[in-house]
Amino acid sequence: MPVLSYVAIPRSGAKNELLKVLNSMEYCEAFPADNEDILVLVTDTPDKNTDKELHAQLENLPTLESLSMTFGYNDEQPLGEGDGYEGQ
Amino acid sequence: MKVNRRSFIKSAAATSAMATAASLFPGVSFAGWKKLEGASGMISWQKAPCRFCGTGCGVLVGVSGDRAVAVKGDPNCSVNKGLCCIKGYHSVQALYGKDRLTKAKVRKNGKMVTVPIKEALDVIAAKIKETIDKHGKDSVAMYGSGQWTIPDGYVASKLFKGCLGTNNVEANARLCMASAVTGFMTSFGIDEPMGCYEDIEHADVMVTWGNNMAEMHPVLFSRMLASRKRKKDVTIIDLATRTTRSSQASDKSILFIPNTDLAIANAICYEIIRNGWVNKSFIKNHTTFHKGKTNIGYGTEDHFSFKDKPEDISFQDYKNFLKDYTPEKVEKISGVSARDIKYLASLYGDPTKKVTSFWCMGMNQHVRGTWINNLVYNIHLLTGKISTPGNSPFSLTGQPSACGTVREVGTLTHKLPYGVVMKQKAREKAEKIWDLPAGSIDPKPTYHTVEMFRALDRGDIRFMWIQVTNPMVTMPNLNRYRNGALREDRFVVVSDVYPTPTTDIADVILPAAMWIEQEGMYGNSERRTQHFDEIVPPPGEAMSDTWQIIEVARRLGFKKQFPWSKDDYIGPLWEEYRRFHDNPKHNMASYKVLKARSGVQWPFVNGKETRWRFNPKYDPACKKGSKFDFYGKKDGKAWIWARPYEPAAESPDQEYNFWLCTGRVIEHWHTGSMTRRVPILHEAMPESYVEINPEDAMDLGVVNGEKVKIVSRRGTVTMKASINGRGVPPRGTVFVPFFDESYLINEVTLDAFCPISKQADYKKCAVRLEKV
Ligand code: SF4
């Protein structure tokens, strides 16, 4: 069940449109910066394959200029050391 | 539970993205974040200062059950106003590395054996007693840190200086802040900055002196950039020895040859006087002029000693002294064009501009660290740009409590919580508060840090207890000090949270509670004391460093001095400590006030914090009727010093033809013992490297990522080259971050120090490079 987060940079002038599109997509939750043309996107998919498909969809969005991953979590796999969640 | 846990993870994921966004777009804000936060009903949030740098950001730690699971910036903390850097956001993950030390270990027949912590504490107490009986009180030592909480440092000082009567107490802040202290003491007669972080929003010009704030104090740098964006006419100048992220974001980057900042500061003063930009009434009423000894040495030999001899001089004498520092002459010494020097002088000299200077290790880890602090104060004093909002010479700290624990509690060989051991009045005050017989405290300081490790090597010290620091990575000229610590008949106790190269040399290892696993206080760079509760329990038998010391003190027979109960010791201990500072120049807030607020600045007088010291408008300790009162000096006047340029202890020559500078990176904190256990930080910066100028790399035939051997007169290290990476040094200089224990760059560095502050210079030594 992967949870990933990204900094999303929209194409020029397309911040609001991108926000709308992202929030209408399944497994996505996005929120905008108030003072910069960027968004934060959190995705929460049921399995790796769905995540892969979603990622492909995101890459094809015409309003999206770039997507940088900042956090990755997947509880299908054992967790690494020091991730702060082991044992919960 | 599953749903809630998922919400926590999503919160953490969103926080992480915002942290990254903040490093890409300093000052960015996300009001929409609240929506997601609402989904995580199981998290309770509690305030604490960040564990890492001396900026002292307030954080809110999200707790689920017994576990810290998330971090966000504390909007009530004026330091960071809700922001954090990438280290802060991921700080709680540093609590949960797989190899946390949770049990005590004692060396038995050459092997480290796990024992109950009580047994380890018995062994320590017995060893201290045995060592003192055999070799005298000055054969035992405590080496702590600017990451000690204030209570940790306080009980260490009380036990060693008060009860045992030895001044063998030092802390690693000697290696990071001592020049700032001696700079303040010699210029103002009292320690710690006159200004506060609010200066950032008031200043028109900010000059960073050898200080890569974009990586080392990122939240403050974000505030600088945000202020520039808001006010438009703000200028940021980066004056440094290599090009960094700070240079790129500044309006102007000026590079100088190492150690020549001394000459540049003097040239700025020369220009200020030549152009008539001196604030004459300020100079007349609030300053006096002085000179000290010159050619003062570098401390590379054992038992080095130095005492300055200040002499009064006139303004005319000072002017004559500056004749050697015309911009044209200094251009030749420093590599900075006369034009740029004049430009800098014009910024400082312009009466319509408020100017703040920031510095940290670049000026403090300097063989003339005290002098360069004095010289930057000179610029602010000549122009009267000091102690008013936006006009601040500001020495930042690197550790969360270098100010709170080391400078204020006085965990250095010559210091007490109030005053110095050499002063009878200060000793008497301590003996009274500590309920000790008169004469318990020795009036003679013993060893400063470098000399303390030399004494361990020589055998003058036989027992050393090291807490919350990792000297087997950080001591300069490390080979000598590691060999010294490993000698026969030396006994080393190490209290820490993870295994490190320092626990490797220990005879006893004590598992320590980390950060929010204990109650405590830190004190940040701007005189702000920050309380935190025990938010989550420590693992296994881990125990706060404070309580470890109390346990040993009681075993040594000092129950009367350490009477507190384990359930309630921080409050009473704080109230006892506060008595040392019971005066308007340093009054501290009560325990109750500290507990309630996200940090309180001292002097805290009649319920009010002091933002700017020495200015009667803000500082109640000032004499009424005067415009400024530098009350650290008897006559209320600050000292302007004639201090010359002198070269570094070791400069490049034919055989060793590069300067080596060491430092940090944004992802890792100090030796990386905590941050390297946070996966996201470790992955972002997995190993150390050597930054080489692209032309030098071409001459060497080295490409990015290829291995290079760095060789000095003391040691070697082989690591990957970074060319045109995050930082770019000028030709003839290399830079190496010290966070990675797999590449011990301090085996290469030199243990030269400022003769006045005794702070080592990690920024300058000579090396050569070999392609591997
Ligand atoms: S700037 Fe320093 S205090 Fe603030 S979050 Fe980062 S490491 Fe912590």
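Residues numbered from 1 in each chain as written. Chains lettered and ligands numbered in written order. Predicted model: local features only at pLDDT ≥ 70, side-chain atom pairs only at ≥ 80, totals over all residues. Heavy atoms only, no water.

Remarks on the overall build of chain A
Along the backbone of chain A there are two helices and four strands. Split into buried and exposed, the 88 residues of chain A put 48% on the buried side. At a minimum sequence separation of 6, the contacts of chain A that also span at least 24 residues come to 66%. On chain A, roughly 4,400 Å² of surface is accessible, and the fraction owed to carbon and sulfur atoms is 48%. (Helix = DSSP H or I, 4+ residues; strand = E, 2+ residues; numbered from the N terminus. Buried < 20%, exposed > 50% of the residue type's maximum accessible area, 1.4 Å probe, protein only. Contact = heavy atoms within 4.5 Å. Areas by Shrake-Rupley, 256 points an atom, 1.4 Å probe, with all protein chains shown as cover.)

Describing the packing of aromatic side chains
All names here are of chain B. Under the definition given, this model contains 32 aromatic pairs over all chains. When the ring of Tyr154 is compared with that of Phe580, the centres are 6.1 Å apart and the planes differ by 75°; the resulting orientation is edge-to-face. A residue pair is termed long-range when its members are at least 10 positions apart, and Tyr154 in helix H5 (residues 150-163) and Phe580 in the loop between helix H24 (570-578) and helix H25 (591-596) qualify at 426 residues. A residue is classified by how much of its surface remains accessible, and Tyr154, at 0% relative accessible area, is buried. Judged by centre distance (5.5 Å) and plane angle (45°), the ring pair of Phe321 and Tyr325 falls under tilted. Tyr325 matches Phe321 in its accessibility class, with the two residues each being buried. (Phe/Tyr/Trp six-rings, centres within 6.5 Å; stacked < 30°, edge-to-face > 60°.)

Focus on the nonpolar core
Core analysis: the biggest nonpolar cluster contains 91 residues, and Phe188, Trp209, Ile268, Tyr318, Leu381 and Phe630 of chain B have the highest contact counts within it. Beyond its immediate stretch of four places on either side in the chain, Tyr318 of chain B contacts Cys269, Ile273, Phe289, Ile313, Asn378, Leu382, Ile640, Trp641 and Ala642 of chain B. (Core = buried A, V, L, I, M, F, W, Y, C linked by side-chain atoms within 4.5 Å.)

Focus on the site of the ligand
Residue and element names in this part refer to chain B. Looking at the ligand, the residues that line it are Cys50, Phe52, Cys53, Thr55, Gly56, Cys57, Cys85, Lys87, Gly88, Pro218 and Val219. Secondary structure elements with two or more residues in the shell around the ligand: helix H3 (86-89) and helix H9 (218-231). Taken together, the residues of the shell around the ligand break down into seven nonpolar, three polar and one charged. (Near = heavy atom within 4 Å. Nonpolar A, V, L, I, M, F, W, Y, C, P; charged D, E, K, R; others polar.)

Re the pattern of salt bridges
All names here are of chain B. Inspection of every chain in the model, using the stated rule, returns 56 salt bridges over all chains. Close ionic contact of Arg731 with Asp699 constitutes a salt bridge, the shortest N to O distance being 2.3 Å. Of the two residues, Arg731 is situated in the loop between strand S25 (716-723) and strand S26 (733-737) and Asp699 in helix H27 (residues 694-700); the sequence distance between them amounts to 32 residues. Its relative accessible area of 42% is what places Arg731 among the partly exposed residues. Two residues, Lys771 and Glu706, come together in a salt bridge whose shortest N-O distance is 3.7 Å. In this pair, Lys771 is assigned in strand S27 (residues 765-771) and Glu706 in the loop between H27 and strand S24 (707-711), connecting sequence segments 65 residues apart. Under the relative-accessibility criterion, Glu706 is labelled partly exposed at 26%. The network of salt bridges with shared partners includes Asp302, Glu451, Arg454, Asp457, Arg458, Asp460, Arg480, Arg487 and Asp751. (Salt bridge = Lys/Arg side-chain N within 4 Å of Asp/Glu carboxyl O.)

Concerning the packing of H5 of chain B against H24 of chain B
Residue and element names in this part refer to chain B. Running from amino to carboxyl end, H5 crosses H24 at an angle of 65°, the nearest separation of the two axes being 10 Å. Considering only the axes of H5 and H24, their crossing is left-handed. When H5 is examined against H24, the residues Ile150, Pro151, Tyr154, Val155 and Lys158 are found in contact with a partner set consisting of Ile570, Leu573, Trp574, Glu576 and Tyr577. Of the residues that constitute the contact of H5 with H24, the class distribution is eight nonpolar, no polar and two charged. (Axes fitted to C-alpha atoms, helices over the stretch in contact; angles between N-to-C directions. Left-handed = near helix turned anticlockwise from the far one by under 90°.)

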